Amino acid sequence: MKNFAHLHVHSCFSFQDGASGVKKLVRSAGELGMNSMAITDHNNLSAALRLTKAAEECGIKPIHGAEVTLEDGSHLILLAENPKGYSNISVILTEAYMSGDWQNTARALEGRDAARTMNALKRRRILPKVRFASLEEHNEGIIALSGCMRGAIPILIRSGRFGCALQLARKYAGIFGQDRFYIELENLCVPGNAGLLSRLVELADEVGVGVCATNNVHYVKKEDFMIHDVLTCIRTLTKLDDVHPERRLNAENYLKSPKEMEALFRLWPEAIRTAGEIAARCEPGLLPGRKLFPKFPLPSGTTSAEHLRSLVYKGAEARYGSITPEIKSRLEHELNIICTLGYEDYFLVAWDIVMFAKSEGIRFAGRGSAADSAVAHCLFITNVDPIGRGLIFERFLSLERAQKPDIDIDFDARRRDEVKRYVRHKYGTRHVATVCTFNTFKARSAVRDVGKVMGISGSDLDRLAKRLPHVYADEIKTAIKKYPELYNGDISFDDYSRLFEVCHALAGLPRHIGTHLGGIVVSRLPLAEVSPLQVSARGDVIIQFDKDDVEEIGLIKLDLLSLRMLSVIEDSTVSSGIDPDEIPLDDDATYKMINEGGTIGVFQLESPAQRALQGRLGASDIEDIVASIALIRPGPIQGNMVEPFIARRKGLEEVSYVHPSLEKILKKTYGVVLYQEQVIEIASVIAGFTPGEADRLRKVMTRHRSREEMNEIGKEFVKKAVKNGVAQDIAETILSYIVGYAGYGFCQAHADAFADTSYKTAYLLRHFPAQFYTAILNNQPMGFYPANTICLEARRRGVRILPVDINMSVYEFTVEDGAIRIGLKQVRGMEEELAREIIRSRGGSGYDSLFDFVRRVSVPQDILENLILCGAFDSIHSNRKAMLWAVPGVLQGSMILPLIEDFSEREKFKRAYYILGLHPTTHPVELQRVQLNKDNIVTTSCARQMPIGTFVKVAGLVIRPHRPSTRSGKTVVFFSLEDETGLIDVTVFESIYKQCKGVIFTQPMVTVEGRVDLRGNIPSIIAGSIHGNVPDS
Amino acid sequence: MKRVKESLHVIADSNQNPKRFYRGGDWFQVVSVIDEWHEMNNWWDCGGETHFYVILADNSGVYELCRNEDGTWYLTGVFD
């Protein structure tokens, strides 16, 4: 007898209907003595690769399949008998998500009706429906089981329509063939189950098909029922006390052992036997590791390799002027590796994409390890010159590692979708899709979801969830013990201990499928044969595998990311009339500004930690900017690398090298191993590792693999170094550097690529502050600081902020005589179309009164009120209150304004600030200033000018409080305190943080008492106490 | 079926299945179990399982009995 195998199993990828991970299920199946197992999630194959890998680890055979939903809502199990069956299930599911014939739908998505088609598909993503026609057309290689209690046949039998059930079973048997269709028997100890089983067996006999025992598994162990029940409640929007047909009556849907199954089916042993026989017939359906990248369309008579070579050399001439032997050697080396690994087409596709962007004037910048490639540079994919910068290609691609290349390109955020459309158009909608993500339960989402299920009120849940930090669902209790704003706050967390226990149990389970920010795959085969395709909520066609899975399946991901900072560069260079490529990289004024920490709004250099670093570092060239980007990361901070680096940079600490060969490699970072590329170089130079071996060393060290693996490669390093003529003790010392620092190392190519953007934005801020901040305000939300802080910083730099004006403002923020005019878009509730109508109807003469405006523009009452309250009509009428009172009448045709006293300045401010989220002239703290002066509370500007060590009291808004990891493990909170005069950074050590009961995270405005400190040349405050009791806040 | 909730004296076999029950001054023999299932009690409360049996008694009556986690029995339904 063949071994029994479970053929109807839901993993956590049944999203809220599966309570166990794939690995856990497979491992348990192995432990229970089964030698194969299927995973049949609802309408997806997302678990397929994980099943293959876990099954390989556990030595059992994976069977791929899905439980599909048919047009009548009934379920059917489809199992892949072989790879053809797998691709057919994938196609069937794609058609279910894509309204039938996917080829037609794909054509519609490329045509005039694309938007309408996409909207229909978005609705369908929740409820895919498999058509009978799809089953008829794509049944090859598929074994079908009649389904659970929600299968059409069991439903018909239970409703007393045995004849119809018989007819349907014959229809299925006709589609799949009698040897590929089975009646599924479940014995789940639910009412009516015994009777149903007898009838199903009777029906199978009459149709002449076999019966197959399953257990409709939804979790591994009986005790996991609770998790599944909660997930079901979340999915069905029910509370624990509610009854719902989809909630299971008992805990029988666990992974039962073959013995348990045999006992349950003692009356029908053939059903157990059949399950084993089906399992034995099925081969793994998913074939990982195939080469699925498409051929790039080439000019006739040439190969991909030849075409790539020709483009690279043409690009090299443009980039370098003349091709020196060094450049030629580097390009040949890279081309050799690229062509040996067969990635010529991948580079050509990436080249083609950036050429499209260039031709359309879409700003872009390659980032990540691709910037290590001179080929990428010569193809204009990246801007960093890796030869000039001494970057190592093998960090990106090597023969030994043979990992798939990963090219990341940032595009102007507003135009990235044009690029995606181009790719879809070029390779065909059926061959291009976005990579998905699996969004797991985090603390906040779990609390909201589970809390609703437990019947906790919405307002309590909102308060609770908002208070929690952004941690995983199983870290809630630790967070409560750790953070004073939680354990000392006004919420009694003890009352929610059961809620947190349940949240803990949900940690790591995928909640729903989402869209990757920029990852797309292009495939030689129609993608529907590789993975089911569906439409995401955002309207992207996505595949059901995430970024890690796609690589192993054989697809190569291209990251087409949208970066708002590129939009800012585009806008501010256009409005200031300069060419960003002509920005000089040695502008003293820009470096001076950076060194003063005046970098609010500058890409990657604006956080308090970065500004503090700049004050100490004294950046004088782009190399320092690159280092800054690599230094302010959790790794280097925890590894205490920042201070030694600064000390060496400033000559306060001696720079020495234990081996003369290290000087060339580590000179630019003052003897400190800061970049991953340096690890590769050291391993090559000291131990004679091939670049590929050296990259393996880098990976082993940086990814904290097993100690055994680290020891093994470490010994190899020392052995080879000694053989290379390096003394044993020196080799061991160098290894200790690598071990000590490699864990914190950053990809230099990535830092280089970002540094270019950072410097350019700093230059724009220094020389064109109005244009730059206007662009930042137009591209919100972005960056580290809110819009009001940007306005404040602009004012501090002497750039005036002009109010919204019904006769002057356009939709966006604009530069007006060196000042920034607030755009209509900033008005709460304003839609672009209405703003455009306001501008259109304004004409040349403008509006001369509120009545004139209402007569010419059809505006909803609430928007009109918001316009009045934010001061948009101030230039034509000075009394906001009178206008507000008149609104209902004016909208009815009246032309009377009441004679009443206007709002006070304080009232005007409060309303305008609420409506705009900022204020053109006034800061909230300014309104408290009289009282603050009485209380000896000084401004941030005043504090900044005080000598180090001075005790000060400063009040302001709390901006971006955060708790980065520290080496000691203690909590240190950093935030910026903002008042009408600017910002000052505040450091709060753990004892003070605990004393102040976490008001930093609960109060918008606080008073800080502490001592002025100078980090580098940037003043800050070391907090001694913090209170949330600012008067009249 | 008429829904009731009467505690019941039941003699069960070694598998905890009902053999006989006492109701209204008479003992009834279980002729056959027509259907059986079990349900989880509220896991967030007391937990445990309740086992249900639809049985044919020797008076030709069809009854729904249930056995709680603690072994107590109830008559929960009488079929018309």
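Note that the coordinates shown come from a computational prediction; the quantities given were computed from them, not determined experimentally.

(A) Broad picture of the overall build of chain A. A count of helical and extended segments in chain A gives 46 helices and 21 strands. A compact globule built from 1033 residues would reach a C-alpha radius of gyration of about 31 Å, and chain A, at 33 Å, matches this within 12%. Looking at chain A residue by residue over its 1033 residues, the buried ones come to 58%. Counting only contacts in chain A whose residues sit at least 6 apart along the sequence, the fraction spanning at least 24 positions is 71%. Taken as a whole, chain A presents about 41,100 Å² of accessible surface, with 49% of it coming from carbon and sulfur. Of the side-chain charges in chain A, 127 are positive and 128 negative, and the distance between the mean point of each set is 2 Å.

(B) View of the sheet that holds strand β4 (residues 142-145) of chain A. Residue and element names in this part refer to chain A. Taken together, 6 strands build an open sheet; the order of strands is β1-β2-β3-β4-β5-β6 and the sheet is mixed. Edge positions in the open sheet fall to β1 (36-42) and β6 (210-214), since each of these has one partner strand only. Between one strand and the next, the sheet's axes are offset by a mean angle of 35 degrees, whatever the strand orientation. Of the strands in this sheet, β1 and β2 (61-69) touch helix α2 (residues 48-58), which is tilted by about 155 degrees from β2.

(C) Seen up close, the sheet that holds strand β16 (residues 819-821) of chain A. Strand order in the open sheet made by the 3 strands is β14-β16-β15 (chain A), with mixed pairing throughout. Each edge of the open sheet carries a strand with a single partner, namely β14 (801-802) and β15 (814-816) of chain A.

(D) Focus on the packing of helix α27 (residues 622-631) of chain A against helix α35 (residues 748-767) of chain A. Residue and element names in this part refer to chain A. Following both chains from N to C, one finds α27 and α35 inclined at 115 degrees, their axes separated by 8 Å at the closest point. Pair α27 / α35 crosses with right-handed handedness. Contact residues: I622, E623, I625, V626 and I629 in α27; Q748, A751, D752, F754, A755, D756, S758 and Y759 in α35. Residues of the contact of α27 with α35, tallied by class, amount to 8 nonpolar, 2 polar and 3 charged.

(E) The arrangement of unusual backbone geometry in detail. Residue and element names in this part refer to chain A. In this chain, Q780 is followed by P781 through a cis amide linkage whose omega measures 0 degrees. The residue P781 is located in the loop between α36 (769-778) and α37 (787-796) in this model. Despite not being glycine, C189 has its phi angle at roughly 55 degrees, a positive value. Within the secondary structure, C189 sits in the loop between β5 (181-186) and α9 (193-207). Even without glycine at this site, N216 takes up a positive phi of about 40 degrees.

(F) Quick peek at the pattern of salt bridges. All names here are of chain A. Scanning all chains against the criterion turns up 63 salt bridges over all chains. D571 serves as the salt-bridge partner of R414, at 2.8 Å between the closest nitrogen and oxygen. Of this pair, R414 sits in the loop between β8 (407-412) and α17 (416-427) while D571 is found in helix α24 (residues 564-576), placing the two residues 157 residues apart along the sequence. Of the charged contacts in the structure, one is a salt bridge between K720 and E716, with a shortest N-O distance of 4.0 Å. Pair noted here: K720 and E716 are both in helix α33 (residues 707-723), with a separation of 4 residues, about one helical turn. Among the residues examined, K720 registers a relative accessible area of 24% and is labelled partly exposed.

(G) Geometry of the packing of aromatic side chains. Residues and elements named next belong to chain A. Counted under the stated rule, the structure contains 33 aromatic pairs over all chains. Relative to F754, the ring of F603 lies with its centre 4.9 Å away and its plane at 70 degrees, an arrangement referred to as edge-to-face. Separated by 151 residues along the polypeptide, F603 in the loop between α25 (588-595) and α26 (608-617) and F754 in helix α35 bring together distant segments of the chain. Here F603 and F754 have matching classes, each one buried. Seen in terms of ring centroids, Y847 and F853 are 4.9 Å apart; in terms of plane orientation they differ by 80 degrees. Their pairing is edge-to-face. Residue Y847 shares its accessibility class with F853, and that shared class is buried. Connected via pairs of aromatic rings, a cluster forms that spans F293, Y346, F347, F393 and F396. In this structure, R911 is placed above the aromatic ring of F903, and the distance from its NZ or CZ to the ring centre is 4.4 Å.

(H) View of the interface of chain A and chain B. Contact residues are listed per partner, giving 20 residues for chain A and 9 residues for chain B. Interface area for chain A against chain B, summed over the two sides, is near 1,200 Å², with a carbon-plus-sulfur share of 62%. Connecting chain A to chain B are 1 salt bridge. Among the ionic pairs, K222 of chain A bridges to E49 of chain B, the shortest N-O distance being 3.8 Å.

(I) Local environment of the side chain of S523 of chain A. Residues and elements named next belong to chain A. Following the sequence through the fold, S523 ends up in the loop between β10 (510-522) and β11 (533-535). Under the relative-accessibility criterion, S523 is labelled buried at 2%. Ignoring sequence-local partners within four residues, the contact set of S523 consists of L292, P294, H431 and L555.

(J) Examining the confidence of the model for chain B more closely. Residue and element names in this part refer to chain B. Across chain B, pLDDT averages 94, with 100% of residues at or above 70. Here strand β1 (residues 2-12) stands out as the least confident element of chain B, with mean pLDDT 94; strand β5 (residues 62-67) is the most confident, with 97. In the predicted complex, the global pTM is 0.89; the interface-specific ipTM is 0.91.

(K) The packing of α25 of chain A against α35 of chain A, seen in detail. All names here are of chain A. Close contact between α25 and α35 brings their axes to 9 Å; oriented N to C, the two are set at 95 degrees. As the angle between them shows, α25 and α35 are arranged roughly perpendicular. Side by side, α25 and α35 meet where A589, T590, Y591, M593 and I594 of the first sit next to Y759, A762, Y763, L765, R766 and H767 of the second. Partitioning the contact of α25 with α35 into residue classes produces 8 nonpolar, 2 polar and 1 charged.

(L) Looking closely at the environment of C164 of chain A. Residues and elements named next belong to chain A. Of note, C164 is situated in helix α8 (residues 162-176). Of the residues examined, C164 reaches a relative accessible area of 31% and is grouped as partly exposed. Once the C-alpha coordinates of C164 and E907 are considered, the two residues, 743 residues apart in sequence, prove to be 73 Å apart.

(M) Up close: the side chain of N43 of chain A. Residue and element names in this part refer to chain A. If you trace the backbone, N43 turns up in the loop between β1 and α2. On the basis of relative accessibility, which here comes to 7%, the residue N43 falls in the buried class. Not counting the four nearest positions on each side in its chain, N43 is found in contact with E67, V68, T69, L93, Y97, P128 and Q544.

(N) Spatial organisation of the nonpolar core. All names here are of chain A. Among the nonpolar cores identified, the biggest contains 174 residues, and I153 and I183 are the most heavily contacted of them. Looking at this core element by element, the count peaks at 9 residues for α8. Once you skip the residues sitting within four places of it in the chain, I183 turns out to touch S146, I153, A169, L200, L203, A204, V209, G210, V211 and C212. Residues M565, I632, I806 and F873 belong to the second largest nonpolar core, which totals 100 residues.

(O) View of helix α41 (residues 880-891) of chain A. Residue and element names in this part refer to chain A. Across its 12 residues, α41 extends 16 Å between first and last C-alpha, which sits within 8% of the 16 Å expected from 1.5 Å per residue. Among the residues of α41, R880, A882, M883, A886, V887 and V890 are the ones counted as buried. The buried side chains of α41 occupy one side of the element, clustering within an arc of 160 degrees when seen end-on. Contacts from the buried residues of α41 go to α39 (850-856), α40 (861-869) and α42 (905-916). Between the side-chain oxygen of the N-cap and the backbone nitrogen of K881 there are 3.1 Å, and the N-cap of α41 in question is N879. Remark: G893 follows α41 within two positions and exhibits a positive phi of approximately 105 degrees.

Rules used throughout
- Residues numbered from 1 in each chain as written.
- Chains lettered and ligands numbered in written order.
- Predicted model: local features only at pLDDT ≥ 70, side-chain atom pairs only at ≥ 80, totals over all residues.
- Heavy atoms only, no water.
- Helix = DSSP H or I, 4+ residues; strand = E, 2+ residues; numbered from the N terminus.
- Rg over C-alpha atoms; globule rule 2.2 N^0.38 Å.
- Buried < 20%, exposed > 50% of the residue type's maximum accessible area, 1.4 Å probe, protein only.
- Contact = heavy atoms within 4.5 Å.
- Areas by Shrake-Rupley, 256 points an atom, 1.4 Å probe, with all protein chains shown as cover.
- Lys, Arg positive; Asp, Glu negative; His and termini not counted.
- Charge placed at Lys NZ, Arg CZ, Asp CG, Glu CD.
- Pairing = 2+ DSSP bridges.
- Axes fitted to C-alpha atoms, helices over the stretch in contact; angles between N-to-C directions.
- Left-handed = near helix turned anticlockwise from the far one by under 90°.
- Nonpolar A, V, L, I, M, F, W, Y, C, P; charged D, E, K, R; others polar.
- Salt bridge = Lys/Arg side-chain N within 4 Å of Asp/Glu carboxyl O.
- Phe/Tyr/Trp six-rings, centres within 6.5 Å; stacked < 30°, edge-to-face > 60°.
- Lys NZ or Arg CZ within 6 Å of the ring centre and 35° of its normal.
- Buried area = accessible area lost by both parts, 1.4 Å probe.
- pLDDT = per-residue confidence, 0-100.
- Parallel < 35°, antiparallel > 145°, perpendicular 65-115°, else oblique.
- Core = buried A, V, L, I, M, F, W, Y, C linked by side-chain atoms within 4.5 Å.
- Expected span 1.5 Å × (residues − 1).
- Arc of directions from axis to C-beta.
- Polar contact = N/O pair within 3.5 Å; in protein donor to acceptor, adjacent residues only side chain to side chain.

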